[in-house]
Amino acid sequence: MTSSDRDESAGPAGPGDAAGPVVATAAPPVNTVVVPADEDPVAAASSEVIGGPPGRRALLGVSWWIPARFLALAVIVISVLGMVQKAPCYNQAWFQPGSPQYIHACYSDIPHLFSGRGFSAGLHPYVDRIPGTSGDLQYLEYPVLTGLFMQVAAWLTPGAGTSQDQERWFWAINAGLLMACAVVAVVALSRTHRRRPWDALLFALAPVLLLNGTVNWDLLAVALAAVAMAWWSGSRPGWAGVFIGLATAAKLYPVLLLGPLLVLCWRAGKWREFRVMLAGAAGSWLLVNLPIMAANWQGWSTFYVFSKHRAEDYGSFWLILMQSRGTGLADLDLYIGVLMVLGCLAIAWLGFTAPRRPRFAQLAFLVVALFVLVNKVYSPQYALWLLPLAVLARPRWRDFLIWQACEVLYTLGIWSHLGFVTGPKQHGIGEAWYHFAVVLHLLGTLYLVVMVVRDALQPDRDPVRWDGSDDPSGGVLDRAPDVFVLGTARTLREEESYAGYAPAGSEQWLDEPELPEPAEKA
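Residues numbered from 1 in each chain as written. Predicted model: local features only at pLDDT ≥ 70, side-chain atom pairs only at ≥ 80, totals over all residues. Heavy atoms only, no water.

1. Side note on the packing of aromatic side chains
If you walk through the whole model with that rule in mind, you get 33 aromatic pairs. Considering the side-chain rings of Tyr-90 and Trp-171, the 5.8 Å spacing of their centres and the 55° angle between planes classify their relative orientation as tilted. Residue Tyr-90 is found in helix 4 (residues 87–91), and its partner Trp-171 is found in helix 8 (residues 163–192); the two are separated by 81 residues along the sequence. Overall, Trp-171 belongs to the buried group, its relative accessible area being 4%. Of the aromatic side chains, those joined through ring pairs into one cluster are Tyr-253, Tyr-314, Phe-371, Tyr-378, Tyr-382, Trp-385, Tyr-410 and Tyr-434. The ring of Tyr-90 is capped by Arg-168, whose NZ or CZ atom sits 5.9 Å from the centre of that ring. (Phe/Tyr/Trp six-rings, centres within 6.5 Å; stacked < 30°, edge-to-face > 60°. Helix = DSSP H or I, 4+ residues; strand = E, 2+ residues; numbered from the N terminus. Buried < 20%, exposed > 50% of the residue type's maximum accessible area, 1.4 Å probe, protein only. Lys NZ or Arg CZ within 6 Å of the ring centre and 35° of its normal.)

Structure (structure tokens):
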């Protein structure tokens, strides 16, 4: 167990003035565990409920209740509470016309798509056309691995009873499978930062996990992406790539993890590891997708065509702009593409120029947050995408809870607004208050982005690095010397002041490679 008396509000510490470099320290002992109550004021205050922070003589992780088991149990409890929260809809509201499912804030796509996408009729996704549909939605509009997940749940759904009974069973089976995904995700998180397993409690107790875990099938991709990061942290780039490919086959956003890995491997000169990871990602993605491509290209491509043709939708800044102007943007995809390119270039510049190489989790969070902020739609369950990345990038309860509060208010806001526009009595909030909820979501995400960028630029403020750690989620990047830097990092290196930012260890970041002495002439 380690502790920290650092005061984050005191500013960066270091030799000289407040802007000086963080003092590099030796790597912490690998057999110690960081307890949040020792270094996080909010965690310490909350621990008073159960008797206060553990003392020096506390034996942590030596009983059957190791962190992974405790975290798994916490996720199960939160998931069950999330199922209970859906009880009004499970009992009746899903099957009533109008707004009851929104008024009770218990909406879920899952039961509606059992019949709406042909599973109740025994149709096979991507191959069988959905009856009564036209345009871009003649086939299932989800990536292949999510479609397989839905199909397995449909096979497990009993065929007896009314259609409502079958939809209830379909939701309950999916809820159980998604709970298993959440358990996998939290265990993977606890093993990504091995000295900080208790940070994963942020994921386990997250309000958005309770409210949005069974709105859609996003937890499948979240779990696979979390496993990929755990493999990468264990210096297994091949397996990390395999799970990035599988996660991308379940939801598109995990492909964004390749960008941060490219930048960081470039800076550290880890090209072989990056190629192995990329080959694993491409191979697993193709393995899952090629059979469906061959069986029915139109069915396979429905997800991508539907995403491209989608207009401004709920949760996005673009919807506010469209509703305020009274008309949409003709070139919306172009605007989003430009913003994504510029944002990714800015994140890459941060990765190359930060005085100390940013952690993988930091850049991964930033690029997915960028996608969330500029995308044409933001569904409440998309907060789950950022959940494990936020835990790894900024494991601070105060900042995490500020972000979560904004996401909870947005979730309640979208359901209340849909209740207003779909119900005859207009129960809920109107357009102006809904726009306010969207802005809250955007500001909450931006707040966390600012904190992560600050940590990258001022490593002394990064809670993960306070004890001498470098990049626990970095795997082969952890304590690796830099071979390519730009901007500020390059200037510091030329001024020979870079050593203050380099992690101390067996590697000497500033040593020039020894050249062989020329052979003497005979």
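2. Side note on unusual backbone geometry
Unlike most non-glycine residues, Ser-235 shows phi in positive territory, near 60°. Residue position: Ser-235 is located in the loop between helix 11 (218–233) and helix 12 (237–250). Overall, the relative accessible area of 35% leaves Ser-235 in the partly exposed class. A positive phi angle, close to 60°, is found at Arg-479, a residue other than glycine.

3. Some points on the state of the cysteines
What makes a disulfide is a covalent bond joining the sulfur atoms belonging to two cysteines. Summed over all chains, the structure comprises one disulfide. Note that Cys-89 is cross-linked by a disulfide to Cys-106, the S-S spacing being 1.9 Å. Residues Cys-89 and Cys-106 share a disulfide whose torsion about the S-S bond is about 75°; that sign makes it right-handed. Placement of Cys-89 in helix 4 and of Cys-106 in the loop between helix 5 (100–103) and helix 6 (109–116) is noted, with a sequence separation of 17 residues between them. Residue Cys-89 is classed as buried on the basis of its relative accessible area of 0%. (Disulfide = S-S within 2.5 Å.)

4. Observations regarding the pattern of salt bridges
Going through the model one piece at a time under the given rule, you end up with 16 salt bridges. The residue Glu-141 makes a salt bridge to Arg-117 at a minimum N-O spacing of 2.9 Å. One end of the pair, Glu-141, is in the loop between helix 6 and helix 7 (144–156); the other, Arg-117, is in the loop between helix 6 and helix 7, with 24 residues separating them in the sequence. Like Glu-141, the residue Arg-117 is buried in the burial classification. Across the pair Asp-467 and Arg-195 runs a salt bridge whose closest N-O atoms are separated by 2.4 Å. Placement of Asp-467 in the loop between helix 21 (431–457) and helix 22 (487–494) and of Arg-195 in the loop between helix 8 and helix 9 (201–204) is noted, with a sequence separation of 272 residues between them. On the basis of relative accessibility, which here comes to 23%, the residue Asp-467 falls in the partly exposed class. Overall, the relative accessible area of 11% leaves Arg-195 in the buried class. (Salt bridge = Lys/Arg side-chain N within 4 Å of Asp/Glu carboxyl O.)

5. Some words on a nonpolar patch on the surface
A contiguous nonpolar patch, built from Trp-65, Phe-70, Leu-73, Ile-76, Val-77, Val-80, Leu-81 and Val-84 and spanning about 680 Å² of accessible area, is present on the exposed surface. When you line up the elements, Leu-81 lands in helix 3 (residues 67–85). (Patch = residues over 30% accessible without salt bridge, like charges linked within 9 Å, V, L, I, M, F, W, Y side chains within 5 Å. Areas by Shrake-Rupley, 256 points an atom, 1.4 Å probe, with all protein chains shown as cover.)

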